[in-house]
Amino acid sequence: QGIPTTLIANFYGCTALQDNPTRFPMWFGSYQSSIRPVRNYGELLKKSEQSSQLTLFHWMKFSEDTPPSEYLEQLRDWNVDAILAHRTYASKERSRWQTGGYEHWPLPVSQNILRNNRGFTLARMDLEQIKGKWKASTPPQVIQLTANTAPTDPDIVNKINQFTSKISEADKVLGVLDQEISRDVLLEAYMTSLKQTHAADMVVYSRSSIRAPLVKGELTASRLYLSLPWTTPIEILELDRSQIEQLKSLKNIAILKKPRIPEKATVVTSRFFAHLIRLHLNLSSDGTHHYGPENEYEYFSRYLEEHSLENVFKGASNEWELVFQ
């Protein structure tokens, strides 16, 4: 409608870096340039010459059930008129995400939802300006997006069908599971596979990196990707004992280690988590190198093909200690 609008793109919500370091990416894209997240949106808005009549705040990782008063006050200071929220629900129950409302918040809130790869919902919010302030004229609507929400387009179907054989070939069967594999068991199996790389003394990994358990039955490449969707390279860090001791203060991580750690230890992790470790230990990126596998998912996919699933998921050997913290 020709209304000048400012959209504040925000990944972090009101989560401080020190409160949840694994939530904050250290780089974007293949260029791997370091980034500094923008947190002081107020200064950014002051420098903007755009004359905005409507300011929208895109709140990624939205997980607030009650209004965080200080943060909402900050949004009001930035003249934010409405919040565009985005969150993920693991639950299959529709009631939880269909009935959630934020009418008691001082700012209008609409909520887009990703149902853990089971489909999207799209939130619609109608705003009207009353006495210079934007208000929601009707309650936000939640519209589920599935394959049944639009008629089939034959041209698109034909184009997709050209790749049927390649998709089937890529989604190969890696094995058959006789029971469901929980996230923690999958994490232990993955870390156990990593400890065989580059004469490792320790494997460190984020517990929140495993996205879903593995269901009973055929384990296909696509099912594995739903649980371990990371395509970042595996990285090697050389840390001394004092630095390893400092890792104990990191939250929500798993450590798989030898019973006796040498003075200078070889630590295997992902490139993303290696960035977080260096940040935590105030280390530069000099002196590190990447291990051979091009990415985590492909490495573990090949590992599963080369080993029996029964052996893969039986747990780490008694010679290694697994610690969750």
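None of the values given here were measured: they were computed from a predicted structure.

**Observations regarding the overall build of the protein chain**
Argument step 1. Along its length, the protein chain carries 11 helices and 18 strands.
Argument step 2. The buried share among the 325 residues of the protein chain stands at 38%.
Argument step 3. Of the contacts formed within the protein chain by residues at least 6 apart in sequence, a portion of 76% connects residues at least 24 apart.
Argument step 4. For the protein chain, the exposed surface amounts to about 19300 Å²; the carbon and sulfur share of it is 49%.

**Observations concerning the side chain of D201**
Argument step 1. Its place among the elements puts D201 in the loop between α6 (183-194) and β12 (202-206).
Argument step 2. At 2.8 Å, the side chain of D201 forms a polar contact with the backbone nitrogen of T266.
Argument step 3. In contact with D201, other than residues within four places in its own chain, are L256, K257, K258, I261, P262, K264, A265, T266 and W320.

**A short note on the environment of E238**
Argument step 1. Structurally, E238 can be placed in strand β14 (residues 234-240).
Argument step 2. A relative accessible area of 33% means that E238 is categorised as partly exposed.
Argument step 3. Through-space distance from the C-alpha of E238 to that of V268 is 8.9 Å; in sequence the pair is 30 residues apart.
Argument step 4. Excluding residues that lie within four positions of it along the chain, E238 makes contacts with Q243, K264, A265 and T266.

**Digging into helix α10 (residues 296-306)**
Side chains three or four residues apart in an α-helix point the same way, a direct result of the helix having 3.6 residues per turn.
Argument step 1. Taken together, the buried positions of α10 are E296, Y297, Y299, F300, S301, Y303 and L304.
Argument step 2. Its side-chain oxygen placed 3.1 Å from the backbone nitrogen of Y297, N295 serves as the N-cap of α10.

**Considering the nonpolar core**
Argument step 1. If you look at the biggest cluster of nonpolar residues, it comprises 32 residues, and the most contacted ones within it are Y190, L219, F300, L304 and F313.
Argument step 2. Among the secondary structure elements, those contributing two or more residues to this core are β11 (173-177), α6, β12, α7 (221-227), β14, β15 (253-257), α10 and α11 (309-312).
Argument step 3. The dominant element in this core, judged by the number of residues it contributes, is α6, at six residues.
Argument step 4. Apart from residues no more than four positions distant in its own chain, L219 is found in contact with K172, V173, L174, G175, V176, L177, L214, L224, L304 and L309.
Argument step 5. In terms of nonpolar packing, the next biggest core, distinct from the first, is built from 17 residues, L250, V267, F273 and L281 among them.

**Some details on the packing of aromatic side chains**
Argument step 1. Counting across every chain of the model gives 12 aromatic pairs.
Argument step 2. When the ring of F57 is compared with that of W59, the centres are 6.1 Å apart and the planes differ by 85°; the resulting orientation is edge-to-face. Both residues of the pair, F57 and W59, count as buried.
Argument step 3. Aromatic pair Y225 and Y297: ring centres 5.2 Å apart, planes at 90°, arrangement edge-to-face. Residue Y225 is located in helix α7, and its partner Y297 is located in helix α10; the two are separated by 72 residues in the primary sequence.
Argument step 4. By relative accessible area, which is 37% here, Y225 ends up partly exposed.
Argument step 5. Put simply, the rings of F57, W59, F62, Y71, W78 and W105 touch in pairs and so form one group of aromatic residues.
Argument step 6. Against the face of F324 rests R207, its NZ or CZ located 4.1 Å from the ring centre.

**Regarding the environment of L219**
Argument step 1. As for its position among the elements, L219 is in strand β13 (residues 217-220).
Argument step 2. Between the C-alpha atom of L219 and that of L304, which follows or precedes it by 85 residues, the distance is 9.8 Å.

**Considering the packing of α6 against α10**
Argument step 1. Two elements in contact, α6 and α10, have axes separated by 11 Å at closest approach and are oriented at 90°. With respect to each other, α6 and α10 are oriented roughly perpendicular. Along the contact surface, α6 presents L186, A189, Y190, S193 and L194, while α10 presents E296, Y299, F300 and Y303.

**Here we look at the side chain of D81**
Argument step 1. With respect to the helices and strands, the residue D81 is situated in the loop between α2 (69-77) and β5 (82-88).
Argument step 2. No salt bridge is formed by the buried D81; the nearest opposite charge belongs to K133, separated by 8.8 Å.
Argument step 3. Among the polar contacts made by the side chain of D81, one reaches the main-chain amide nitrogen of T55 at a distance of 2.8 Å.
Argument step 4. D81 has contacts with Q53, L54, T55, L107, P108 and W134, leaving out every residue within four places of it along the chain.

Cut-offs and rules
Residues numbered from 1 in each chain as written. Predicted model: local features only at pLDDT ≥ 70, side-chain atom pairs only at ≥ 80, totals over all residues. Heavy atoms only, no water. Helix = DSSP H or I, 4+ residues; strand = E, 2+ residues; numbered from the N terminus. Buried < 20%, exposed > 50% of the residue type's maximum accessible area, 1.4 Å probe, protein only. Contact = heavy atoms within 4.5 Å. Areas by Shrake-Rupley, 256 points an atom, 1.4 Å probe, with all protein chains shown as cover. Polar contact = N/O pair within 3.5 Å; in protein donor to acceptor, adjacent residues only side chain to side chain. Core = buried A, V, L, I, M, F, W, Y, C linked by side-chain atoms within 4.5 Å. Phe/Tyr/Trp six-rings, centres within 6.5 Å; stacked < 30°, edge-to-face > 60°. Lys NZ or Arg CZ within 6 Å of the ring centre and 35° of its normal. Axes fitted to C-alpha atoms, helices over the stretch in contact; angles between N-to-C directions. Parallel < 35°, antiparallel > 145°, perpendicular 65-115°, else oblique. Lys, Arg positive; Asp, Glu negative; His and termini not counted. Salt bridge = Lys/Arg side-chain N within 4 Å of Asp/Glu carboxyl O.

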